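Analysis of the macromolecular model
Chain by chain, the residues:
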Amino acid sequence: MKLDSKIPQGPLSDKWTDYKDHLKLVAPNNRPKIDIIVVGTGLAGASAAASLGEMGYNVKAFCFQDSPRRAHSIAAQGGINAAKNYQNDGDSIYRLFYDTIKGGDYRSREANVHRLAEVSGNIIDQCVSQGVPFAREYGGMLDNRSFGGVQVQRTFYAAGQTGQQLLLGAYSALSRQIGLGHVKMFSRHEMLDLVKVDGKARGIIARNLVTGELERHSAHAVVIASGGYGNVYFLSTNAMGSNVTASWKVHKQGAAFANPCFVQIHPTCIPVHGTNQAKLTLMSESLRNSGRIWVPKKKEDAEAVRNGSLKPTQIAEEDRDYYLERRYPAFGNLVPRDVASRAAKEVCDEGLGIEANDTNEGVYLDFSSEIKSKGKEVAYAQGNHDPNEEETIKLGKQWIEEKYGNLFAMYEKITDENPYETPMKIYPAVHYTMGGVWVDYNLQSTIPGCFVAGEANFSDHGANRLGASALMQGLADGYFVLPYTVSNYLADDIRTGKISTDSPEFAQAESNVKATIDKFLNNNGTKSVDHFHKRLGLVMWNKVGMARNEKGLKEAIEEIGQIRDEFYKDVYVPGTSDELNPELEKALRVADFLELGQLMAMDALQRNESCGGHFRNEYQDAEGETLRDDEKFSFVSAWEYKGQDTTKAELHKEELKYEFIKIAARNYK
Amino acid sequence: MSAAKNINITLKIWRQKNADSKGNIETYKLDNVSTASSFLEMLDQLNEQLINERKEPVAFDHDCREGICGMCSLYINGRAHGPETGTTTCQLHMRKFNDGDTIFIEPWRSKAFPVVKDLVVDRSAFDRIQQAGGFVSVNTSGNTIDANSIPIPKDDADKAFMAAACIGCGACVASCKNGSAMLFVGAKVSQYALLPQGKVEATQRVQNMVRQMDEEGFGNCTNTGACEVECPKGISLENIARMNREYLKSSF
Amino acid sequence: MAKSALLKSSIAKKYWMALTGLFLCLFLTGHLAGNLQLLIPDNASAFNQYALFMTTNPAVKVLSYLTYISIIFHAIDGIMLAIQNKKARPIAYAKNNPSGNSSFASRNMAVLGTVILIFIVTHMVTFWAKMHFDKNMPLQTLSVTDEASGMKQDFYITTGTGQDKFLPVNQVDGKNLVIEGNKIFIVKPIKVEFAQGYKDLYKITLDFFRDAKYGLIYTLLYVLAMLALGFHLWHGFASAFQSLGLNNPKFNAGIKIFGRAFSVLVPLLFAIIPLYIHFSK
């Protein structure tokens, strides 16, 4: 396998423009003769399908949900970054580019990230013209807020539902194309294999989840935009249906899988409540704009809080450790996610956790200071220059409610605690996966004609993603990159004609899928799919989670292999193949997670350094910060599939060259 | 906070093999349900129990489990998304129920939302309404005007956002005695009608979306207001009135 | 808009329901104002004059035809809506708790409307049809006792002026003076309308509610119908504004309060009249 990133030559800021100008085009009259499959309808998939449909290609879009509008991009809360510099705080394309590279701990490609920063402004323009109702100021201009890891306000938002509004914007564009007949939508369909003909991606096998029918769909190019693989941990902030299957099938067909160990653990999630828990809920990072994170200084206080004999509000100011503000004065509570998460784990490991669950893991996110200071500001603005405490707190709570009302309501629903009165309890949880299918500058995988976009690819976030950058990347890929690069690829296909689905390749792929399904249904084991998924998740969280070490990773590789063997022997999948069968769907997904999980551990094991979301206990500096090894590990690890036993996977390396910025230790102090 | 405890409940659940077969209510007993569990985690627990008993688990729609994707549904004890207002089923917690309770769980009932299996219904009618006009006809060019070149009054932007907060779950249809979809359509029409970008094609939009809505077989609005009460996102009836105005305007 | 959409579209149907409904509210107000005259004791003359005016004045005629059309349209449209709405949910919920999200009145508009429709039909048969078509509808008479002779003589009160205002009943002999409906004709030499009498709606009304056998039942049924009307208006009044798109937070509370006051007061006043008549005999 040869990894050619195809990064164009020339100065960084001209690369994309020059490259775009010289890409091949497909004339409008030829586009309807060309079929494109898009798998996934999140920000990347919906925007890609809509844009390609607009251009006149014949697009078939697939999602496993009942409607394209349900894709998990919808759950993104905080915002989307763009280098508009509307707030006049010195922002620029270069700064967004620099922040993203630095935030990613120097493990992403300069050219890709710069392109992302370049088109970020267009995304906002595009979305506003689509009718996305971003938050505005009284002057009618767009409002911004800050996010972790940056010192400017460049995040555009729509209350705590930015992902929803952006996805519904992309969904509306997609709906328009469906209505016009340019896109054919296949909801409740799951892609179960990629079909290659003559080495090129030429179609997929999809299962109609309602009838169970296996369908062959051919196309001249296939775009995978099926999201990330955080659900390998069982508990994560991903949707229940989020899965790696489409990406993994592509990987099995020969696409390299890059940086699988780079997983983002989000610092502000609601802690685990019990063993029946099915998923974790994120509290937007934007809350760190207003909340202060702390734990009790004394272990006895932490214990008293856990057993209910002490309330957090009773702990005196001097007995609280605002550990992020203490350790990182420059960025304080707004350090990047990986840093904040690890710090939370450290204080909890010291026995200072405050959540009354099995692990005691939880820290406080406290809004009382913000309530007071904002209350005072509002009172002043209303002409009251000497508000009493009661008025101040009342106004402050109103301010908080306007800004974060929906998040506070959600928190209260889940925990039954009122975060206006008592600090929120939070703890890190798996949230986003930076790794994914390896793609070149065109977002094309190592399989010709198979493009991968959004969270499903590995391209832009290095070892850690900054807040509000996932939405940016999804839409950048779908709206502003793929339409150019896919056309360039398809320019050679105008004479190909319709791809037949009667070829042996399709028949073979379909019969393979059928065999797998039949195997599960006839397995007649004793344990449910969830049983294995939970076990896998526990191993992943404990040994391939926030802090990793050689011993744990080796154990994980071993244990995951065992769970996988047991899974195939003993899983019980009820029902039949010709009906809506959620257990079968889960089984097919977990089978892929059981391979991926092992590969993640392999990847983490070979990366003998700490960077971004990948923290190896062996590689930290005296203050417990990540210790990168740029000499040896300034590369993208790209794995080649060599069979179900992923310990046999072969590692390829794409070296990362930093020509335009100087690599430095990441410092948020 | 009330400390979590375990309760025992009886479930009466609609079971239906597929769209063509007849369904009926089945009774299940479920013990040791933590009150800290969400309603869907309770159903997970039931399914685990059914699988262990070699019985067919209950099919229900769900995905994000944080109240935003709109995939979960369920008519619980006679109310869409259960007894708590402003809440999707996935955000409903078992602490709202008591030990010994009997809980009815039924699918959304609407001609336009046929049952697919058990508690799963087909809501693609909503997609088709959106396809009929729920968009601004702007192509992806990257050369649209600068996002700040048309100032939008904060009040309008906020109202548009509140309408756009609809998650398309269908609780409005399910709870309306007429099975009307007007809150859903009204919210979409309103979002665009309130923004300068959407005003340009307001006439065709409201005409096309209402026509599609009628074709799908939804009932008509009689302003009972049930939809507004049951809407997990608090979409206001004002949006239906705005759609009525827009439709009137578009008729002349 | 296509012409068919003006009738067929779900939203257009709402407009028609709202417009006809609100028009009928105006009608109710006018009707009530007239009926309230029944509460004034011995008010036959004024009431019957008013009744004649209402049945003959061209402007009122136009309004009354509009009212008939409104009632018919409101009813037919309402029935069609009810059928459409019924079809929209072929399978009912096994357990439903709609009182958690909506009012009784709002959920039962069709039932209440049907009750009111039945009432309107019987009401029209009892009074309106009699007034319009009953050839034997009695005309209002006035008994005058001559003080000197002690003789009693009955007079028709007519629309004529001066001497003609009062026409002795015994002069109408069927040869020289005839009465057709309420019109009084001089037959010879040629048939000429001489004056109009006043149909005695007042008497009919009082007799109806004071009927020895059924008066109480009629009164109670009337009151029940008004109760249905009250509930119908309780939801319907404000609902009409919503249907017409007139939902503005500034005025909503006002519309609601006015609508509720209207829905209580109007049926209540209507209902008081038969109760008064029946129990004051």
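Bear in mind the structure is a predicted one, so any value in this text is a computation, not a measurement.

Some words on the overall build of chain C
Along its length, chain C carries 9 helices and 6 strands. Its C-alpha atoms give chain C a radius of gyration of 24 Å, clearly above 19 Å, the size a compact globule of 281 residues would have. Taken over the C-alpha atoms alone, chain C extends approximately 80 × 45 × 40 Å along its principal axes. Within chain C, residue pairs in contact and separated by at least 24 positions form 64% of the contacts whose partners lie at least 6 positions apart. Total accessible area computed for chain C in this model is approximately 15700 Å², and 69% of it derives from carbon and sulfur atoms. Mean positive and mean negative side-chain charge positions of chain C (26 and 13 charges, respectively) differ by 23 Å.

A few points about the environment of Val116(B)
Assignment of secondary structure puts Val116(B) in strand β6 (residues 115-117). Under the relative-accessibility criterion, Val116(B) is labelled buried at 11%. For the pair Val116(B) and Asn18(B), spaced 98 residues apart in the sequence, the C-alpha separation amounts to 5.5 Å. Ignoring sequence-local partners within four residues, the contact set of Val116(B) consists of Val210(A), Leu580(A), Lys17(B), Asn18(B), Ala19(B), Val121(B) and Asp122(B).

Considering the domain arrangement of chain C
Along its sequence, chain C is carved into domain 1 (3-89 + 101-137 + 213-279) and domain 2 (141-196). Inter-centroid distance (C-alpha atoms) of domain 1 of chain C to domain 2 of chain C is 38 Å.

Observations concerning the interface of chain B and chain C
For an interface, size is often stated in terms of accessible area lost upon the parts coming together. Taken residue by residue, the interface counts 46 residues in chain B and 36 residues in chain C. In terms of surface lost to chain C, no three residues of chain B exceed Arg109(B), Asn220(B) and Asn223(B), which account for 18% of the buried area on that side. Our enumeration of links across chain B and chain C arrives at 0 salt bridges. Inspection of the region where chain B meets chain C yields 27 residue pairs in polar contact (both at pLDDT 80 or more). Secondary-structure elements contributing two or more residues to the side of chain B that touches chain C are β5 (102-106), α4 (171-175), α7 (202-215), α8 (226-230) and α9 (238-250) of chain B. With 8 residues, the single largest contributor to the side of chain B that touches chain C is α9(B). Broken down by class, the residue content of the side of chain B that touches chain C amounts to 21 nonpolar, 16 polar and 9 charged.

Observations regarding the interface of chain B and chain A
Tallying the contact residues gives 73 residues for chain B and 78 residues for chain A. In total, chain B and chain A occlude about 6400 Å² of area from one another, counting both sides; carbon and sulfur atoms represent 50% of this. In terms of surface lost to chain A, no three residues of chain B exceed Glu66(B), Thr140(B) and Lys154(B), which account for 11% of the buried area on that side. If you look at where chain B meets chain A, you find 8 salt bridges. The salt bridge involving Lys117(B) is made with Glu579(A); its shortest N-O contact spans 3.2 Å. Between chain B and chain A we count 44 residue pairs in polar contact (both at pLDDT 80 or more) in total. Put simply, the parts of the chain that give the side of chain B that touches chain A at least two residues each are α1 (39-52), β6, β7 (120-121), α2 (124-133), α3 (154-164) and α5 (182-193) of chain B. Among the elements that make up the side of chain B that touches chain A, the one with the highest residue count is α1(B) (6 residues). Of the residues that constitute the side of chain B that touches chain A, the class distribution is 32 nonpolar, 23 polar and 18 charged.

Points about the sheet that holds strand β4 (residues 177-180) of chain C
Residues and elements named next belong to chain C. Taken in spatial order, the 3 strands make up an open sheet running β4-β5-β6, and their pairing is antiparallel. One side of each edge strand has no neighbouring strand; the edge strands of this open sheet are β4 and β6 (192-196). Each strand of the sheet is rotated relative to its neighbour by a mean of 35°, with strand direction disregarded. Bridge count for strand β5 (residues 183-186) against β6 is 4 bridges, and the pairing is antiparallel. Residue pairing across strands places Lys183 opposite Gln196, the latter belonging to β6.

Some thoughts on a nonpolar patch on the surface
All names here are of chain C. Taken together, Phe104, Tyr214, Ile217, Leu221, Leu224, Leu227 and Phe231 make up a surface patch of nonpolar side chains, about 680 Å² in accessible area. If you tally residues by element for the nonpolar patch, the top one is helix α8 (residues 215-243), at 5 residues. By secondary structure assignment, the location of Phe104 is in helix α5 (residues 104-107). Among the residues examined, Phe104 registers a relative accessible area of 45% and is labelled partly exposed.

So, the environment of Ala117(A)
Residue and element names in this part refer to chain A. Counting through the fold element by element, Ala117 comes out in helix α4 (residues 110-129). According to the relative accessible area criterion, Ala117 is buried, its value standing at 2%. Measuring from C-alpha to C-alpha, the distance between Ala117 and Lys498 comes to 37 Å, with 381 residues separating the pair along the chain.

A word on α1(B)
Residue and element names in this part refer to chain B. When the terminal C-alpha atoms of α1 are compared, their 20 Å separation across 14 residues agrees well with the 20 Å that a helix rising 1.5 Å per residue should span. Counting buried positions along α1 gives 11 out of 14 residues, so the element sits mostly inside the fold. Taken together, the buried positions of α1 are occupied by Phe39, Leu40, Glu41, Met42, Leu43, Asp44, Gln45, Leu46, Asn47, Leu50 and Ile51. Remark: Arg54 follows α1 within two positions and exhibits a positive phi of approximately 65°.

A word on the environment of Glu417(A)
Residues and elements named next belong to chain A. Assignment of secondary structure puts Glu417 in the loop between α11 (389-415) and β16 (424-433). The class for Glu417 is buried, based on a relative accessible area of 12%. Each C-alpha atom, one on Glu417 and one on Asn357, is 15 Å from the other, the two residues being 60 residues apart in sequence. Of note is the side chain of Glu417, whose polar atom sits 3.4 Å from the side chain of Lys425.

Some remarks on the side chain of Ser110(B)
Mapping Ser110(B) onto the fold places it in the loop between β5 and β6. Take Ser110(B): its relative accessible area is 8%, and that puts it in the buried class. Among the polar contacts listed, one links the side chain of Ser110(B) to the backbone nitrogen of Ala112(B), at a separation of 3.1 Å. When neighbours within four sequence positions are excluded, Ser110(B) is seen to be in contact with Val173(B), Phe218(B), Ala88(C) and Pro90(C).

Details of the nonpolar core
One finds Ile80(A), Phe134(A), Phe520(A), Phe567(A) and Phe218(B) to be the most contacted residues of the largest nonpolar core, which totals 247 residues. When residues of this core are assigned to their parent elements, the largest contribution, 14 residues, is made by helix α16 (residues 582-606) of chain A. With 34 residues, the next largest nonpolar core counts Leu206(C), Phe209(C), Leu233(C) and Ile255(C) among its residues.

Digging into the domain arrangement of chain B
Residue and element names in this part refer to chain B. Annotation of chain B at the domain level lists domain 1 (6-106) and domain 2 (123-138 + 149-250). Relative to domain 2, the C-alpha centre of domain 1 lies at a distance of 29 Å. Between domain 1 and domain 2, the contact holds 16 residues from the first and 12 residues from the second. The tally of links from domain 1 across to domain 2 stands at 2 salt bridges. One salt bridge connects Arg123 with Asp61, and the closest N-O pair in it is separated by 3.6 Å. At the junction of domain 1 with domain 2, the criterion picks out 4 residue pairs in polar contact (both at pLDDT 80 or more). Its residues placed into classes, the side of domain 1 that touches domain 2 shows 6 nonpolar, 8 polar and 2 charged.

Digging into the packing of aromatic side chains
This structure, assessed with the given rule, holds 53 aromatic pairs over all chains. Aromatic pair Phe367(A) and Tyr404(A): ring centres 6.5 Å apart, planes at 50°, arrangement tilted. Taken together, the residues span a long stretch of sequence, with Phe367(A) in the loop between β15 (363-366) and α10 (368-381) and Tyr404(A) in helix α11 at a distance of 37 residues. Each of the two residues, Phe367(A) as well as Tyr404(A), counts as buried. Taking 5.9 Å as the distance between ring centres and 20° as the angle between the ring planes, the aromatic pair formed by Phe520(A) and Tyr568(A) counts as stacked. Of this pair, Phe520(A) sits in helix α13 (residues 504-523) while Tyr568(A) sits in helix α15 (residues 550-570), placing them 48 residues apart in sequence. Aromatic ring contacts, followed pair by pair, group Phe119(C), Phe127(C), Phe208(C), Phe209(C), Tyr214(C), Tyr218(C) and Tyr222(C) into a single cluster. Above the plane of the ring of Tyr322(A) lies Arg292(A), whose end atom (NZ or CZ) is 3.8 Å from the centre.

Rules of the game
Residues numbered from 1 in each chain as written. Chains lettered and ligands numbered in written order. Predicted model: local features only at pLDDT ≥ 70, side-chain atom pairs only at ≥ 80, totals over all residues. Heavy atoms only, no water. Helix = DSSP H or I, 4+ residues; strand = E, 2+ residues; numbered from the N terminus. Rg over C-alpha atoms; globule rule 2.2 N^0.38 Å. Contact = heavy atoms within 4.5 Å. Areas by Shrake-Rupley, 256 points an atom, 1.4 Å probe, with all protein chains shown as cover. Lys, Arg positive; Asp, Glu negative; His and termini not counted. Charge placed at Lys NZ, Arg CZ, Asp CG, Glu CD. Buried < 20%, exposed > 50% of the residue type's maximum accessible area, 1.4 Å probe, protein only. Domains from an automatic or database assignment. Buried area = accessible area lost by both parts, 1.4 Å probe. Salt bridge = Lys/Arg side-chain N within 4 Å of Asp/Glu carboxyl O. Polar contact = N/O pair within 3.5 Å; in protein donor to acceptor, adjacent residues only side chain to side chain. Nonpolar A, V, L, I, M, F, W, Y, C, P; charged D, E, K, R; others polar. Pairing = 2+ DSSP bridges. Axes fitted to C-alpha atoms, helices over the stretch in contact; angles between N-to-C directions. Patch = residues over 30% accessible without salt bridge, like charges linked within 9 Å, V, L, I, M, F, W, Y side chains within 5 Å. Expected span 1.5 Å × (residues − 1). Core = buried A, V, L, I, M, F, W, Y, C linked by side-chain atoms within 4.5 Å. Phe/Tyr/Trp six-rings, centres within 6.5 Å; stacked < 30°, edge-to-face > 60°. Lys NZ or Arg CZ within 6 Å of the ring centre and 35° of its normal.

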